[in-house]
Amino acid sequence: MDFGSSSPSSAGMDSHQRENIMGQVKQQVAVMQVQQLLESMTDKCFKKCVTSPGSSLGSAEQKCLAMCMDRYLDCMNVVTQAYSSRLQKEMS
Amino acid sequence: MSVDTLLNDPRMKQFIEAETQKQRFHALVQNLSNKCWDSCIDRPASKLDSKTESCLLNCVNRFIDSSNYIVRRLDKQASVSDVSEME
């Protein structure tokens, strides 16, 4: 694994190296999460909206997809909130 | 820089643990959203109505209940078989 060209040190790492790596990790995690979201959303909304694929994506299908995307996000928000509050309850 | 150096740095360790935890949470939410979407959403409407919202809420809570129930039951079965093995 290569995390940049900073010179290796025997004991720990300097704060600059650390910041640099943390930033990279955060960015990679963010990219991955967006990819996961996109994959789920596409999967779910394709199933709901494009039930019999025609020769092109019709305007009704596009409208359905747009609505489905918004509802999928709503769904995720409700689930996130429900899950967080349940976690809090379980921990207390 | 080796992975060892990275993982031995205490602040790095803490950071990785926190990020792992966050990612685990995110993966669970994603997974639950997909399950509950399937059981609660029939046709996507122009607005999330309150009936769907309470379905999603129930879905999340019943999923966690199920998970807890399964763990408890397995635990009980394991302790029963421990006892019967000793006999």
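Structure: above.
Residues numbered from 1 in each chain as written. Chains lettered and ligands numbered in written order. Predicted model: local features only at pLDDT ≥ 70, side-chain atom pairs only at ≥ 80, totals over all residues. Heavy atoms only, no water.

### Looking at the pattern of salt bridges
Phase 1 of the analysis: Evaluated as defined, the whole model comprises 8 salt bridges over all chains.
Phase 2 of the analysis: In this structure, Arg86(A) engages Glu90(A) in a salt bridge whose closest nitrogen and oxygen atoms are separated by 3.0 Å. Here Glu90(A) and Arg86(A) lie together in helix H2 (residues 59-91), a separation of 4 residues that amounts to about one turn.
Phase 3 of the analysis: The closest approach of N and O atoms between Arg62(B) and Asp65(B), which form a salt bridge, is 2.8 Å. Of the two residues, Arg62(B) and Asp65(B) are both situated in helix H3 (residues 50-86); the distance of 3 residues between them amounts to about one turn of the helix.
Phase 4 of the analysis: Residue Asp65(B) is classed as partly exposed on the basis of its relative accessible area, which comes to 29%.
Phase 5 of the analysis: Here the salt bridges share partners, and the residues they tie into one network are Arg86(A), Glu90(A), Arg62(B) and Asp65(B). (Salt bridge = Lys/Arg side-chain N within 4 Å of Asp/Glu carboxyl O. Helix = DSSP H or I, 4+ residues; strand = E, 2+ residues; numbered from the N terminus. Buried < 20%, exposed > 50% of the residue type's maximum accessible area, 1.4 Å probe, protein only.)

### Quick look at the interface of chain A and chain B
Phase 1 of the analysis: At the junction of the two partners, chain A supplies 38 residues and chain B supplies 37 residues.
Phase 2 of the analysis: Around 3800 Å² of area is buried between chain A and chain B when both sides are counted, 67% of it from carbon and sulfur atoms.
Phase 3 of the analysis: Looking at the side of chain A facing chain B, the largest losses of area belong to Lys48(A), Tyr83(A) and Arg86(A), adding up to 18% of the total buried there.
Phase 4 of the analysis: In this structure, the connection of chain A to chain B is made through 3 salt bridges.
Phase 5 of the analysis: With its nearest N and O atoms 2.6 Å apart, the salt bridge here joins Asp65(B) to Arg86(A).
Phase 6 of the analysis: One can count 15 residue pairs in polar contact (both at pLDDT 80 or more) joining chain A with chain B. (Contact = heavy atoms within 4.5 Å. Buried area = accessible area lost by both parts, 1.4 Å probe. Polar contact = N/O pair within 3.5 Å; in protein donor to acceptor, adjacent residues only side chain to side chain.)

### A few points about the packing of H2(A) against helix H2 (residues 10-40) of chain B
Phase 1 of the analysis: Following both chains from N to C, one finds H2(A) and H2(B) inclined at 120°, their axes separated by 9 Å at the closest point. The angle between H2(A) and H2(B) falls in the class oblique. Seen along the crossing, H2(A) lies across H2(B) with a hand that is right-handed. Touching Cys68(A), Arg71(A), Tyr72(A), Cys75(A), Met76(A), Val79(A), Thr80(A), Tyr83(A), Ser84(A) and Leu87(A) of H2(A) are Phe25(B), Leu28(B), Val29(B), Gln30(B), Leu32(B), Ser33(B), Asn34(B) and Trp37(B), all from H2(B).
Phase 2 of the analysis: Of the residues belonging to the contact of H2(A) with H2(B), the class tally is 12 nonpolar, 5 polar and 1 charged. (Axes fitted to C-alpha atoms, helices over the stretch in contact; angles between N-to-C directions. Parallel < 35°, antiparallel > 145°, perpendicular 65-115°, else oblique. Left-handed = near helix turned anticlockwise from the far one by under 90°. Nonpolar A, V, L, I, M, F, W, Y, C, P; charged D, E, K, R; others polar.)

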